[in-house]
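# Examining the three-dimensional arrangement
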Amino acid sequence: MDVGDNTTHVAAGAGEAPGDRRRRVAAERRWWTLAVVSAAQLLVVLDGTIVNIALPSAQHALGMSDGNRQWAITAYALTFGGLLLIGGRVSGVLGHRRTFLIGLAGFAASSALGGAAVNPLMLFGARALQGGFAAALAPAGLSLLATTFAQARERGRAFGVFAAVGAGGSAIGLIAGGLLTEYAGWRWCLYINVPIAVLAALGVTLVPADRPIAGRGRLDVAGALLSLTGFAAVVYGFTRAEARGWGSAEVQAFLAGGTALLAAFVAVETRAAEPLLPMRILLHRSRAAAFCAITLMFVAMFGFYLFMSYYTQTVLGYSPVRAGLTLIVNALATLAGSLLIAGRLHGRVRPAAVIVPGLLTAAAGMLVLTRLSAAGTDVFAFALLPALVLTGLGLGCVMPPTAGLATEGIRGHDIGAASAAYNAAQQLGAALGTALLNTLAASATAAYLASRPHPRPDAAAVHGYTAALTVACVILLAAACLTLALFTARRAPRTGPRG
């Protein structure tokens, strides 16, 4: 008996019992899932900013007009935001891993199409396709993480890495966009997605399989159409506000129409037998607090990235590459906040104890920048560096727990829906933040120029930036207060309803 047992153990590999080997392989596959999903998350976030840097070169090469060039950005944002909830439902129907693989393949193909564009229409169409496949890829990836990591400590580490990649992706996009545009050409800002997507797709073979959710009926067509048109209209309104101003009839029409469509969507979902987005997901207080925190954080941070790019290049005279490299500090601080703070505290303290201080830390970083001046010395050491560190740490503390809360305790189709809603909250926050804060900065700059007889343009620009960053600071403080109120008022159970 003993000899037979020893033989079995040796055959299993280095004295390892079959059961232990299975557990080890399963653990390795879990962490491989994190690597693959993080690579895909990098693609989705990267494309939100990398094309911004390449756009001037692409405009010149393809002969875009000034009025049409914004569609290279807007086409991606519209299809991504508009199709997210549908992508979440598709992920549940087809299976999260299968949807994830389809999203990767489609994203790679549409990126190659965009890189090979011979005219503006071809580029705009490719960017729209990228956004559509990203709308399937993003919720499927978050759903895979939620179903793969159930143990509290592992879940904290996994969501910490995932959040760090997502948060740092915007800064990496600016850096990569500058380097690729300067040394390889603007087309590589799109081609670069192909090898990353192919490597991630190859890695999917090691991701544990999941099963499609059976027993559900037809797609909620009314909800799908209302969510698609409503989100698209709101995102487009925010995007156009940056160029046209909030008083524009076009902007107001799209925002009002989009809000009405989303209100109709909520009304339909409360009555639908099989809703696209069950309202119980949003009405859970802890989950609502997470959505509130991440939306307002993205409102503030996307304005922050915009102004850091403007300030370093137009006022300090940095090259695009150097301006992008400056943001590495923010990306590293985000990584530290995600892994060393939020990741380690996951399961040990309540999410509010990480999220609220994270919002306040980011607000402190914004506050530092409100004292910028055009003629300041040692600006990097005494203003930019502390601001980049504080905002990065804050973002790193907010993203992992909010991502975890978005899917915690959820089963079935609700996992895809919650993942999609979380991504939609980020997308709306980013679109609103860019439009709102840029408009405020432009208005403050114009007022400064009008109020002085011989104003310096750089001083006026800095005045606009600091005015907008003051509002961003207030937004983060309000987010901290509102999030804390949602967490503490009639505290909800820590696990949400099961779908």
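Going by the structure above, here's the rest.
Now for a quick tour of the structure. (Residues numbered from 1 in each chain as written. Predicted model: local features only at pLDDT ≥ 70, side-chain atom pairs only at ≥ 80, totals over all residues. Heavy atoms only, no water.)

### Quick word on the side chain of Ser38
Tracing the sequence through the fold places Ser38 in helix α2 (residues 18–46). For Ser38, a relative accessible area of 7% gives the class buried. Here the side chain of Ser38 touches Leu34 through a polar contact of 2.8 Å, landing on its backbone oxygen. Discounting chain neighbours no more than four positions away, the residues touching Ser38 are Val161, Phe162 and Val165. (Helix = DSSP H or I, 4+ residues; strand = E, 2+ residues; numbered from the N terminus. Buried < 20%, exposed > 50% of the residue type's maximum accessible area, 1.4 Å probe, protein only. Polar contact = N/O pair within 3.5 Å; in protein donor to acceptor, adjacent residues only side chain to side chain. Contact = heavy atoms within 4.5 Å.)

### A few points about the packing of aromatic side chains
Each aromatic ring pair is specified by the distance between its two centres and by the angle formed by the two planes. Across all of its chains, the model carries 11 aromatic pairs by this definition. Note on Tyr236 and Phe254: the rings are 4.6 Å apart at their centroids and 65 degrees apart in plane angle, and the pair reads as edge-to-face. Of the two residues, Tyr236 sits in helix α10 (residues 221–244) while Phe254 sits in helix α11 (residues 249–271), which places them 18 residues apart along the sequence. According to the relative accessible area criterion, Tyr236 is buried, its value standing at 10%. The interplanar angle of 80 degrees and the centroid separation of 6.1 Å between the aromatic rings of Phe302 and Tyr305 together place this pair among those described as edge-to-face. Separated by 3 residues within a single helix, Phe302 and Tyr305 lie in helix α13 (residues 285–315), roughly one turn from each other. Grouping residues by exposure puts Phe302 and Tyr305 together as buried. Clustering of aromatic rings is evident, with ring pairs tying together Phe298, Phe302, Phe304 and Tyr305. One Lys or Arg, Arg322, reaches over the ring of Tyr318 and ends 3.8 Å from the middle of that ring. (Phe/Tyr/Trp six-rings, centres within 6.5 Å; stacked < 30°, edge-to-face > 60°. Lys NZ or Arg CZ within 6 Å of the ring centre and 35° of its normal.)

### Digging into the nonpolar core
Phe100, Leu104, Phe304, Leu359 and Met366 are the most contacted members of the largest nonpolar core, which totals 117 residues. Once residues within four sequence positions are removed from consideration, Phe304 is found in contact with Asn330, Met366, Leu369, Ala387, Leu388, Thr391 and Leu469. Listed in part, the 16 residues of the second largest apolar core include Ala54, Met64, Leu123 and Leu190. (Core = buried A, V, L, I, M, F, W, Y, C linked by side-chain atoms within 4.5 Å.)

### Describing the pattern of salt bridges
The tally for this structure, following the rule as stated, stands at 2 salt bridges. Across the pair Arg456 and Asp458 runs a salt bridge whose closest N-O atoms are separated by 2.8 Å. Taking the relative accessible area as the measure of exposure, Asp458 reaches 25% and is therefore partly exposed. (Salt bridge = Lys/Arg side-chain N within 4 Å of Asp/Glu carboxyl O.)

### Section: the packing of α13 against helix α17 (residues 379–407)
The N-to-C vectors of α13 and α17 enclose an angle of 155 degrees; their axes lie 9 Å apart at closest approach. What the angle tells us is that α13 and α17 run roughly antiparallel. Seen from above, α13 lies across α17 with left-handed handedness. Residues of the contact of α13 with α17, tallied by class, amount to 20 nonpolar, 5 polar and 1 charged. (Axes fitted to C-alpha atoms, helices over the stretch in contact; angles between N-to-C directions. Parallel < 35°, antiparallel > 145°, perpendicular 65-115°, else oblique. Left-handed = near helix turned anticlockwise from the far one by under 90°. Nonpolar A, V, L, I, M, F, W, Y, C, P; charged D, E, K, R; others polar.)

### Looking at a positive patch on the surface
A cluster of basic residues, Arg153, Arg157, Arg344 and Arg348, forms a positive patch on the protein surface. Inspection of the secondary structure puts Arg344 in helix α15 (residues 328–345). (Patch = residues over 30% accessible without salt bridge, like charges linked within 9 Å, V, L, I, M, F, W, Y side chains within 5 Å. Areas by Shrake-Rupley, 256 points an atom, 1.4 Å probe, with all protein chains shown as cover. Lys, Arg positive; Asp, Glu negative; His and termini not counted. Charge placed at Lys NZ, Arg CZ, Asp CG, Glu CD.)

### Some points on the packing of helix α5 (residues 96–115) against helix α9 (residues 193–203)
Look at α5 against α9: their axes get within 9 Å of each other, and the N-to-C directions meet at 160 degrees. With respect to α9, the element α5 is oriented roughly antiparallel. The two elements α5 and α9 cross, and the hand of that crossing is left-handed. In this structure, α5 contributes Leu101, Leu104, Phe107, Ala108, Ser111 and Ala112 to the contact, and α9 contributes Asn193, Val194, Ala197, Ala200 and Ala201.

Any functional reading would require information beyond the geometric quantities listed.
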